[in-house]
Structure formats: structure tokens, C-alpha cells
Amino acid sequence: MEIGIVGLGRMGANIARRLMRGGHEIVAFDVNLDAVAALAREGAKASASLKDLVGLLKPPRAVWVMLPAGTITEGTISDLGGMLVAGDTVIDGGNTFYKDDVRRAAALKEKSVHYVDVGTSGGIWGLERGYCMMIGGDKAVVDRLDPIFAALAPGAGTIARTEHREGRDPRVENGYMHTGPAGSGHFVKMVHNGIEYGLMQAYAEGFEILHGRANTDLPDAERFDLDLADVAEVWRRGSVISSWLLDLTAMALAEHGKLNNFSGYVQDSGEGRWTVEAAIEESVPANVLSAALFERFRSRLERSFADRLLSAMRSKFGGHVEGRPPPGRT
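Residues numbered from 1 in each chain as written. Predicted model: local features only at pLDDT ≥ 70, side-chain atom pairs only at ≥ 80, totals over all residues. Heavy atoms only, no water.

Caption draft 1: Just the sheet that holds strand 1 (residues 2-6), in detail. Taken in spatial order, the eight strands line up as 3-2-1-4-5-6-7-8 in an open sheet, and their pairing is mixed. In this open sheet, the two edge strands, each paired with only one partner strand, are strand 3 (45-46) and strand 8 (176-180). Lying on the sheet, helix 1 (residues 12-21) is in contact with strand 1, strand 2 (25-29), strand 4 (62-65) and strand 6 (114-121); it crosses strand 1 at an angle near 165°. (Pairing = 2+ DSSP bridges. Helix = DSSP H or I, 4+ residues; strand = E, 2+ residues; numbered from the N terminus. Contact = heavy atoms within 4.5 Å. Axes fitted to C-alpha atoms, helices over the stretch in contact; angles between N-to-C directions.)

Next up, the structure:
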């Protein structure tokens with residue numbers, strides 16, 4: 001299939017590359033024209049503007065927007081809405097707030113332009129590992145675009161199948177699913193990221209306890225100087241708490257030791273806040289997820305080994321470079 005990709009950052013460029021590996025044709029655009037030129041050298045068709053990109057695509061067009069949530073995505077989708085025609089589709093693969101999806105889908109529907117929201121997990125590793133996707137939108141449109149999603153998905157791999165459930169969409173075992181109407185994809189991804197906050201915080205606190213056992217204030221007989229990289233490595237193998245996050249933790253500890261090169265100033269990218277807001281709307285107690293979010297706020301006032309480990313994990317799965325504390329905060 002042919003698809004336009006707008007936004008060639010850490011994930012957007014690799015999404016385009018994975019699609020090209022799968023035999024799909026890419027028309028690429030980014031305000032950074034060097035990024036466009038780099039992808040063109042790998043086989044994509046370059047465009048110089050959004051208008052140029054739309055003109056190069058054959059109808060019915062599909063344009064995947066992979067930009068930071070907020071003003072830049074809002075403006076880009078609004079501009080595309082003025083250029084696309086009936087039957088075309090806008091796909092938002094970023095971390096957009098699901099209520100914005102609902103609003104945008106309704107606005108585009110007035111022009112008979114389709115809107116699909118794709119919660120995309122995979123970070124900077126997605127080119128090789130594939131992307132787990134949670135997809136909202138009209139079923140007929142999602143089904144028509146299935147070759148795109150199938151090429152991006154990780155596939156079943158070596159993960160054992162769960163007991164067969166009659167009527168299950170077989171796509172879920174390949175790492176992607178149609179979640180329902182517009183907005184539902186980003187809603188599921190939002191909660192996914194809220195859970196991610198909690199998991200990361202649990203690992204960070206656990207390793208902080210291990211790290212603190214070397215404290216000289218403890219009795220000699222109860223003081224242990226533990227090799228945290230090796231603890232993480234052994235837990236990866238057969239432990240009930242093994243996970244990809246633990247894999248990344250083991251990598252970070254092996255590469256960086258005490259993590260002194262990380263500031264411990266831990267950002268939040270929005271989904272954690274939105275998940276807590278949704279829990280409040282639904283009167284659902286979310287003790288762990290809200291505490292994990294508040295811990296990130298605390299890290300901006302004072303920082304610990306656990307905070308540096310959170311920074312290291314974010315660097316590993318998403319290529320995030322943590323910000324430095326604002327003036328007056330140390």
C-alpha cells in the first residue's frame with residue numbers, strides 16, 4: 001500500500017522504514033528537510049510540504065501523523081483536514097489525548113474524511129521488534145488499512161498462545177487490535193502507559209532498596225554490597241517479575257553502573273496524568289498509578305538512585321533525554 005508519513009522523529013522514521021521493508025510505498029514529510037532527504041535515500045518519496053505530500057498520494061489517501069501530542073499535532077491534522085477529500089484517512093499514531101481524537105473524528109466526518117487513532121508502543125526499538133498497536137476507528141476503514149498495521153506489528157513470535165477464545169480477532173496474537181471507535185485506541189494506550197508508570201516505579205523502588213543495603217549506617221552483618229546489574233540479569237531468567245522493562249533495566253545497569261550520568265529528573269509525557277484523570281472520572285481507585293505519577297513530580301525537587309533508574313529506563317525504551325531541573329531547583 002501507499003501511505004504518507006508526517007513526522008520523521010525517533011519513531012516516525014522507523015515506522016516508515018519498517019513499512020518500506022514490508023513492501024509499502026512511503027511519501028515522507030518533516031519540517032526537517034534533512035530527515036526527509038535521509039529517508040528518500042532509503043527509498044521513500046520525498047515531499048516538501050503537507051500540500052506536496054497530499055498531492056503525491058493517490059486517492060483514497062492515508063496519512064499517518066507521528067508528531068508530539070498537543071499544538072503541533074492539532075495544527076497538522078487541521079491543515080490536513082483542509083486538503084484531504086472524501087474517502088481519505090488521517091491516522092494519528094502519537095500519544096494524543098483520546099478526547100481530542102473523538103472531537104477530531106467528528107470534525108473530519110463532516111467532510112467524509114476518516115480518522116483512525118493508533119496507540120503505538122515500541123519506542124526506539126520498533127524497527128526491529130515491531131510495534132504493538134491499539135487502533136480506534138471505523139471497522140471498515142481499519143480493515144482496509146490492515147496491511148499497514150500487519151507490517152508494523154511484531155507478529156506472534158515465540159510467545160505461547162493463551163487458551164483459544166471463540167470469536168477472538170486473530171490480530172491480537174500478532175500484537176495489534178481494533179479496540180473500537182475513534183478515541184478508543186489512544187484510551188487503551190493511555191492506560192497502558194499509566195500501568196507502565198507503576199511498573200517502572202516498582203522496579204525503581206525495589207532496586208533503591210537493594211542499593212541502600214550497602215549503607216554504612218546498617219550493622220556490619222546486615223550490610224550487603226550487591227551487584228545490581230547481576231541481580232537484574234538473574235531476575236530476567238525464569239523470575240516471575242521478568243519483563244522487557246527488566247531487560248532494559250539490566251542493560252542500563254550493566255552499561256552505566258551507579259547511573260551517575262542520569263540526572264534523576266524524571267519527566268512525565270501526559271498519559272500518566274490522563275490515566276489518573278480517567279480513574280477519577282470513573283471513581284476507580286488507582287493507588288499505585290497515581291503514586292507513580294506523583295513520584296515523578298517529587299523527582300523534580302529531590303532525586304535519588306530510584307529516580308536515576310527511572311531516567312535510565314526511559315532512555316532505553318524511548319530514547320528520552322531527561323530535562324535538567326529549572327533554575328532554583330537542585
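Caption draft 2: Looking closely at the pairing of strand 5 (residues 89-92). Neither face of strand 5 is exposed, since Thr 89 and Ile 91 on one face and Val 90 and Asp 92 on the opposite face are all buried. Where strand 4 meets strand 5, four bridges bridge the pair, whose relative direction is parallel. By the bridge assignment for strand 5, Val 65 is matched with Asp 92. Following the chain from strand 4 across helix 4 (residues 71-81) to the adjacent parallel strand 5, one finds a crossover that is right-handed. Examined bridge by bridge, strand 5 and strand 6 share four bridges and lie parallel to one another. Each residue of the ladder has a partner; that of Val 90, found in strand 6, is Tyr 115. Considered for its hand, the β-α-β crossover made up of strand 5, helix 5 (residues 98-109) and strand 6 is right-handed. (Buried < 20%, exposed > 50% of the residue type's maximum accessible area, 1.4 Å probe, protein only. Right-handed = clockwise from strand over helix to strand, strands pointing away.)

Caption draft 3: Focus on helix 12 (residues 271-282). With twelve residues, helix 12 ought to run about 16 Å at 1.5 Å a step, and its terminal C-alpha atoms sit 16 Å apart, in line with that. Those residues of helix 12 that fall on the buried side of the exposure criterion are Glu 271, Gly 272, Trp 274, Thr 275, Val 276, Ala 278 and Ala 279. Looking at the residues trailing helix 12, positive phi occurs at Ser 283, about 55°. (Expected span 1.5 Å × (residues − 1).)

Caption draft 4: Layout of the pairing of strand 6. Burial analysis of strand 6 places seven of its eight residues in the buried class, which makes it a mostly covered element. Two elements, strand 6 and strand 7 (residues 132-136), share five bridges in a ladder whose sense is antiparallel. Paired with Ser 121 across the two strands is Cys 132, which belongs to strand 7.

Caption draft 5: View of the pattern of salt bridges. Summed over the entire model, instances satisfying the criterion amount to 23 salt bridges. The shortest N-O distance in the salt bridge between Arg 104 and Asp 92 comes to 3.2 Å. Here the residue Arg 104 occupies a position in helix 5, and Asp 92 occupies one in strand 5, the gap between them amounting to twelve residues. Here the two residues Arg 104 and Asp 92 agree in accessibility, since each one is buried. In this structure, the salt-bridge partner of Glu 295 is Arg 298, at a minimum N-O distance of 2.9 Å. Linking Glu 295 with Arg 298, this pair stays in helix 13 (residues 287-299), spanning three residues, or about one helical turn. Residue Glu 295 is classed as partly exposed on the basis of its relative accessible area, which comes to 24%. Taken together, the shared-partner salt bridges in this structure form one network comprising Glu 74, Asp 92, Asp 100, Arg 103 and Arg 104. (Salt bridge = Lys/Arg side-chain N within 4 Å of Asp/Glu carboxyl O.)

Caption draft 6: Representation of the packing of helix 12 against helix 13 in the model. Running from N to C, helix 12 and helix 13 point in directions that differ by 140°, and their axes come no closer than 9 Å. Between helix 12 and helix 13, the interaxial angle falls into the category oblique. Between helix 12 and helix 13 lies a crossing whose hand is left-handed. Every residue of helix 13 that contacts helix 12 at Gly 272, Arg 273, Thr 275 and Val 276 is listed here: Leu 289, Ser 290, Leu 293 and Phe 297. A class-by-class count of the residues in the contact of helix 12 with helix 13 yields four nonpolar, three polar and one charged. (Parallel < 35°, antiparallel > 145°, perpendicular 65-115°, else oblique. Left-handed = near helix turned anticlockwise from the far one by under 90°. Nonpolar A, V, L, I, M, F, W, Y, C, P; charged D, E, K, R; others polar.)

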